[in-house]
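Structural characterization, general
For reference, the chains in residue letters:
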Amino acid sequence: MTKDKGEEDLFAKWFAIPLWQRVIAALVLGIITGRLWGPDAESIKIIGDVFIAFIKMLVVPLIFFSLVAGVASIGDLRKLGSVGWRALLLFVVTGQMAVWLGLAIGSVFTPGSRIDGSTMALDQGALENAQARQEQAVGFRDMILEVVPDSPVQVMADVNVLPLIVFSLLIGIGILMAKEEGLPVQKVFDSGAVIMQKVTMIVMELTPFGVFALMAWVAGTLGLGALVSLAKLVGLNYLGCLLIITLIYGSMIKFLAKLPVRDFFRGILDAMAASYS
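Our subject in this report is the structure included herewith. Counting restarts for each chain, with residues numbered from 1 along the sequence as it is written. Thresholds applied to this predicted model are a pLDDT of at least 70 for local features of residues and 80 or more for the giving and counting of side-chain atom pairs; totals over whole chains, interfaces and linings are not thresholded and use all residues. As a convention, hydrogens and water are excluded, and side-chain values are obtained from all of the structure's heavy atoms.

**Comments concerning the overall build of the chain**
If you tally the helices and strands in the chain, you get 13 helices and 0 strands. Going along the chain from the N terminus, every DSSP run of H or I of four or more residues is numbered as a helix, and every run of E of two or more is numbered as a strand. Across the chain, helices and strands are ordered from the amino to the carboxyl terminus as α-α-α-α-α-α-α-α-α-α-α-α-α. Between buried and exposed lies partly exposed: a residue is buried under 20% and exposed over 50% of the maximum accessible area for its type, with that area taken using a 1.4 Å probe on protein chains only. The buried share of the chain, taken over its 277 residues, is 22%. Pairs at least 24 residues apart make up 78% of the contacts formed inside the chain by residues separated by at least 6 positions. Accessible surface area values rest on a Shrake-Rupley calculation with a 1.4 Å probe, where residue burial reflects the displayed protein chains alone. Of the roughly 19200 Å² of accessible surface on the chain, 70% is carried by carbon and sulfur atoms. Pairs of residues are marked as contacts when any of their non-hydrogen atoms sit within 4.5 Å.

Below is the structure:
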């Protein structure tokens, strides 16, 4: 009885610590463990691989249920059209800004310059596929055809996100067009979106263990040089995200939407946290 009580107290203390603090602690402990353990730290990399597999598992159902439920919740096709073209325009414009900002930051700071690729066990198949896609010129016709899914099931199996988004939007529009007949299906997707958010929260609780294992593996096998480059890459990624949020999104909220910027971000903080996770 006392043992069970002690275990319950231990779990309560663990979950009382904010997740980000647990992740930071796991990152630091993983680096220390990797430096002390050396190359043998690769033996616990499987824990990190399992965590990454769980994250990949979430991508398709999370996008599918969330997008379908979001489109169906609009409730009116005319309103969807009015909102849709504005959202698409903003997506294209802000996407281009993000691409150019990322290229500029990467070109100026070169975060991967200190990594010696000759010492890494790289996936040659993945490298060959990436090289083949880079050398193959993709025309406008091919680009359009890639967006339209030949088979929704195959798209989900391949985790091909862009056609998955198109298919999800079409399902949401179909639910709106069905009106009353589509309400039962809409409730299914609403419930599915909520369930996937809960599943995401469960998987995110595994983050400290995955981070610990991956950091120990990197520190033990690739050394401090790789860690410095990784830290630089992560820091530049956060810098780019911060610039986009404050300058680009902040300007749109203030000058286009004419809303108070601080109050807006305070109101969507929970949604941003869920999306980031």
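**Here's the deal with the environment of V211**
Tracing the backbone shows V211 in helix α10 (residues 207-221). What V211 contacts, discounting residues up to four positions off in sequence, is V23, A26 and L27.

**Some words on the pattern of salt bridges**
For this analysis, a salt bridge means a side-chain nitrogen from Lys or Arg found within 4 Å of a carboxyl oxygen belonging to Asp or Glu. On inspection of all chains with the given rule, the structure shows 3 salt bridges. For the salt bridge of R22 with E205, the shortest nitrogen-to-oxygen distance reads 2.7 Å. One end of the pair, R22, is in helix α2 (residues 19-37); the other, E205, is in the loop between α9 (183-204) and α10, with 183 residues separating them in the sequence. Judged by relative accessible area, which is 5%, R22 ranks as buried. Two residues, R266 and D263, come together in a salt bridge whose shortest N-O distance is 2.8 Å. Here R266 and its partner D263 are both found in helix α12 (residues 261-267), 3 residues apart, which amounts to about one turn of the helix.

**Notes on the packing of helix α3 (residues 45-72) against α10**
Axis lines are fitted through C-alpha atoms, for helices just across the contact stretch, and the angle between N-to-C directions can take any value from 0 to 180 degrees. Two numbers describe how α3 lies on α10: the axes approach to 7 Å, and their chain directions differ by 130°. If you check the angle between α3 and α10, you find them oblique. In this structure, the crossing between α3 and α10 has a hand that is left-handed. Contacts from K45, I47, G48, F51 and I52 of α3 reach α10 at T207, F209, G210, A213, L214 and W217. Split by residue class, the contact of α3 with α10 holds 7 nonpolar, 3 polar and 1 charged. An angle counts as roughly parallel when it lies under 35 degrees, as roughly antiparallel when it exceeds 145, as roughly perpendicular when it falls between 65 and 115, and as oblique in every other case. Helix crossings get a hand from a simple test, with the near helix turned counterclockwise from the far one by less than a right angle marking a left-handed crossing and a clockwise turn marking a right-handed one. Here the term charged refers only to Asp, Glu, Lys and Arg, the term nonpolar to Ala, Val, Leu, Ile, Met, Phe, Trp, Tyr, Cys and Pro, and the term polar to all other amino acids, Gly among them.

**A word on the packing of aromatic side chains**
Ring pairs (aromatic) are described by centroid distance and by the angle formed between their planes. In summary, the pairing rule links any two rings of Phe, Tyr or Trp, Trp by its six-membered ring, whose centres are within 6.5 Å, and it sorts them by plane angle into stacked for under 30 degrees, edge-to-face for over 60 and tilted for everything else. Under the defined criterion, the tally for this structure stands at 6 aromatic pairs. For the ring pair F64 and F189, a centre distance of 5.4 Å and an interplane angle of 80° mean the geometry is edge-to-face. Linking F64 in helix α3 with F189 in helix α9, this pair joins segments that are 125 residues apart in sequence. An aromatic cluster is defined as three or more aromatic residues linked by ring pairs; in this entry it consists of F64, F65, F167 and F189. In our convention, an over-ring charge means Lys NZ or Arg CZ found within 6 Å of a ring centre and within 35 degrees of that ring's normal. The residue whose ring lies beneath K45 is W217, and the NZ or CZ to ring-centre distance is 4.8 Å.

The values are spatial; any link to function lies outside them.
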